[in-house]
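# Structural description and commentary
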Amino acid sequence: MTRYITEQEARAIFKYEKRRMVGTAEPNYIELLPTSEACRKLNYSSQDSLRKAVSNGTLRLGYEVQDRRSPESRNCSYYFSIPACVKRLNTPPEKRRA
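Residues numbered from 1 in each chain as written. Predicted model: local features only at pLDDT ≥ 70, side-chain atom pairs only at ≥ 80, totals over all residues. Heavy atoms only, no water.

### Some details on the sheet that holds strand S3 (residues 78-81)
- Pairing in this open sheet of three strands is antiparallel, and the strands run S1-S3-S2 from one edge to the other. Each end of this open sheet is capped by a strand with a single partner; those strands are strand S1 (32-34) and strand S2 (65-67). The average angle at which neighbouring strand axes cross in this sheet is 30°, direction not considered.
- The pairing of S1 with S3 spans three bridges and is classified as antiparallel. Bridging from a neighbouring strand, Leu32 pairs with Ser81 of S3.
- Contacting S1 and S3, helix H4 (residues 82-90) crosses the sheet at an angle of about 70° to S3. (Pairing = 2+ DSSP bridges. Helix = DSSP H or I, 4+ residues; strand = E, 2+ residues; numbered from the N terminus. Axes fitted to C-alpha atoms, helices over the stretch in contact; angles between N-to-C directions. Contact = heavy atoms within 4.5 Å.)

Structure representation (structure tokens):
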């Protein structure tokens, strides 16, 4: 059975390939940055304020943030998914669910 693509699918493929050729296509990987770099990328004033956003639930562990510390460590070692953090921070506070 032969399946033909629709005009809408063809346009989507063309747009993606054009962006990829120019270099503006989104990467296929998740960008995870440590706290120091994520702080600059997300325009937080300090690393403490970014860690506070995790502790008060603005950014959630397992969704926007990974905790990569070893089991015996007391200090946190957070890595932030920048696209997920931006999406979460752009959502109005009353619409964020825990």
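Structure's up, so let's keep going.
### With respect to H4
- Every buried residue of H4 is listed here: Ile82, Cys85 and Arg88. Seen along its axis, H4 keeps its buried residues to an arc of 125°; they face one direction. Across H4 from its buried face, at more than 90 degrees, point the exposed residues Pro83, Lys87 and Asn90.
- On the buried face of H4, the contacting elements are S1, helix H2 (35-41) and S3. (Buried < 20%, exposed > 50% of the residue type's maximum accessible area, 1.4 Å probe, protein only. Arc of directions from axis to C-beta.)

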